[in-house]
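Chain by chain, the residues:
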Amino acid sequence: MSPAGNRSMSAPEWAMLLILSVLWGGSFFFTGIALSGLPPLTLVVLRVGLAALILNLVLPLNGLRLPRGLRIWTACLGMSLLNNVLPFSLIVWGQTHIASGLAAILNATTPLFTVVVAHLLTIDERMTGNRLAGVLVGLGGVAVMVGPTASAGPSASFLAQLAVLGAALSYAFASVFGRRSLSLGVPPLALAAGQVTMSTLVLLPVALTIDQPWTLPMPSALVWGAVFGIASLSTALAYVLYFRILVRAGATNLSLVTFLIPVSAILLGALVLGERLEPRHYLGMALIGGGLAAIDGRLLRRISRATQEPAEPNSRVSASRHR
């Protein structure tokens, strides 16, 4: 039996992957709504706090509990900073100045940064020709999108795009750090619960100090619905689905979700929030998608096999006769 990451996914696995892409793409949509009634830090702490509550309720249903031990909680702290506190805060602040669809496209650069970070910090994920080409093409897509705002000076839009790119870079470091955390032997779901629990403990005093949410007017029911959606669907449920796909289909197949997240985010932003992106944003998304395809490599391998197969019909027939 081949490793999960090297095989084709079944229909149920594809369905889970599509649902996960909608859940994560929906986080940008929910953020766009929630920011109409909440400041960024308060929104982030509500997201991780409610997700922590949900995951801590889910743990005993799976026969699990929060991890124990200083070493494990130190790992949870590191993951919370790299995977929640920093990127969530940067993305939410960025969405106060740019459309949710654009934020999702820029966030899709995470695998590009991951290739570079993994090359520098690990010994078993070195840069290859395909990966280098993919990184360069993807960064070209970023330049197409961000370049015009960069040439106009440090505007709010430019800084917001840099903030989302900074979040993608943080996710890249989190992926490398997370490999070491999983080596501690903690079930992934318990590690996720510990991560968002620690994120809540870190962010709560910061949000209380800066935003002073008790002085704010009561948000509308629509805003509270968006908060519940991003916490329960785009964070808690997404983590559960993420780890289920990881176990069943492998990390390589799971990485395909990166191609799908901007699509759902753009559709939701356009249909519900009335957002419109410029042609250069779609061009940049196409270049980033091409870069991700080069890094993933499977599409190129399939094209290569398809071009070679017609040239070897006789050898294949001969081989089948000898079996």
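Keep in mind the model is a prediction, meaning the values are calculated, not measured.

1. A few points about the overall build of the protein chain
Regarding its fold elements, the protein chain presents 14 helices and zero strands. Written out in order from the N terminus, the α and β elements of the protein chain read α-α-α-α-α-α-α-α-α-α-α-α-α-α. For the protein chain, contacts bridging at least 24 residues in sequence account for 86% of all contacts bridging at least 6. With the model as given, the accessible surface of the protein chain reaches about 15900 Å², and the carbon-plus-sulfur share is 69%.

2. Points about a nonpolar patch on the surface
Together, Val116, Leu120, Leu121, Leu169 and Phe173 make up a nonpolar patch on the protein surface, roughly 420 Å² of accessible area in all. For the nonpolar patch, the secondary-structure elements that each account for two or more residues are α5 (110-121) and α7 (156-182). Looking at which element gives the most residues to the nonpolar patch, the answer is α5, with three residues. Tracing the sequence through the fold places Leu121 in helix α5.

3. Examining the nonpolar core
One finds Leu106 and Ile245 to be the most contacted residues of the largest nonpolar core, which totals 60 residues. Among the elements that line this core, the one with the most residues is helix α1 (residues 11-34), at nine residues. Among the nonpolar cores identified, the runner-up in size contains 16 residues, and Leu59, Ile72, Ala190 and Ala193 belong to it.

4. Focus on the packing of helix α2 (residues 40-61) against helix α8 (residues 188-210)
Viewed as axis vectors pointing N to C, α2 and α8 meet at an angle of 150°, and their least axial separation amounts to 8 Å. Here α2 lies roughly antiparallel to α8, going by the angle between them. For the pair α2 and α8, the sense of crossing is left-handed. A per-class count over the contact of α2 with α8 returns 19 nonpolar, six polar and no charged.

5. Structural notes on the packing of aromatic side chains
Tallied over the entire structure, the rule returns two aromatic pairs. Summarising the aromatic geometry, the rings of Trp24 and Tyr242 are spaced 5.7 Å apart at their centres and angled 50° between planes, so their arrangement reads as tilted. You can see Trp24 sitting in helix α1 and its partner Tyr242 sitting in helix α9 (residues 221-249), a full 218 residues away along the chain. On the basis of relative accessibility, which here comes to 22%, the residue Trp24 falls in the partly exposed class. When the ring of Phe29 is compared with that of Phe30, the centres are 5.4 Å apart and the planes differ by 50°; the resulting orientation is tilted.

6. Things to note about the environment of Thr110
Position of Thr110 relative to the elements: it lies in helix α5. Every residue in contact with Thr110, bar those within four places of it in the chain, is listed here: Ala168, Tyr171 and Ala172.

7. Considerations on helix α4 (residues 100-107)
Because each turn of an α-helix spans 3.6 residues, side chains separated by three or four positions in sequence point in the same direction. The buried fraction of α4 amounts to eight of the eight residues, a majority that puts the element mostly inside the structure. Inspection of α4 places Ser100, Gly101, Leu102, Ala103, Ala104, Ile105, Leu106 and Asn107 among the buried residues, and these make up the whole buried set.

8. A short note on the confidence of the model for the protein chain
Per-residue pLDDT for the protein chain averages 83, and the proportion of residues at 70 or more is 85%. Per-element confidence in the protein chain is highest for α2, whose mean pLDDT is 94, and lowest for helix α14 (residues 313-321), whose mean pLDDT is 46. Note on residues 1-6: pLDDT under 50 across the span, and ten contacts to partners over four residues away in sequence or across chains. Low confidence marks residues 315-323, where pLDDT is under 50. Its contacts with residues over four positions away, or in another chain, come to one contact.

Definitions and limits used
- Think of each chain on its own: its residues are numbered from 1, step by step along the sequence as written.
- Per-residue local features are limited, in this predicted model, to residues with pLDDT of at least 70; the limit for side-chain atom pairs, both in listing and counting, is 80 or more; totals at the level of whole chains, interfaces and linings are taken over all residues.
- With hydrogens and water excluded, all non-hydrogen atoms of the structure serve as input to the side-chain values.
- Helix and strand assignments come from DSSP, with helices taken as H or I runs of at least 4 residues and strands as E runs of at least 2, each series counted from the N terminus.
- Any pair of residues with heavy atoms lying within 4.5 Å of one another is described as a contacting pair.
- To measure how exposed things are, a 1.4 Å probe is used in the Shrake-Rupley method; for residues, cover is taken only from the protein chains shown.
- Like-charged residues are merged into a patch within 9 Å and nonpolar side chains (Val, Leu, Ile, Met, Phe, Trp, Tyr) within 5 Å, provided each residue has over 30% relative accessible area and no salt bridge.
- Take a side-chain nitrogen of Lys or Arg and a carboxyl oxygen of Asp or Glu: if they are within 4 Å of each other, that pair is a salt bridge.
- For our purposes a nonpolar core is just a set of buried Ala, Val, Leu, Ile, Met, Phe, Trp, Tyr and Cys residues, chained together by side-chain atoms within 4.5 Å.
- To sort residues, take the accessible area from a 1.4 Å probe on protein chains only and compare it with the maximum for the residue type: under 20% means buried, over 50% means exposed, and anything in between is partly exposed.
- Angles shown run from 0 to 180 degrees and are taken between the N-to-C directions of axes, each axis being a line fitted to C-alpha atoms and, for helices, limited to the stretch in contact.
- Note that the term roughly parallel is reserved for angles under 35 degrees, roughly antiparallel for angles over 145, roughly perpendicular for angles of 65 to 115, and oblique for everything else.
- Should the near helix be turned anticlockwise from the far one by less than a right angle, the crossing is termed left-handed; should it be turned clockwise, right-handed.
- In the scheme used here, Gly and all other residues not listed as nonpolar or charged are polar, with Ala, Val, Leu, Ile, Met, Phe, Trp, Tyr, Cys and Pro taken as nonpolar and Asp, Glu, Lys and Arg as charged.
- The criterion for an aromatic pair is that two Phe, Tyr or Trp rings (for Trp, the six-membered ring) have centres within 6.5 Å, with stacked assigned to planes under 30 degrees apart, edge-to-face to planes over 60 apart and tilted to the rest.
- Known as pLDDT, the predictor's per-residue confidence is scaled from 0 to 100.

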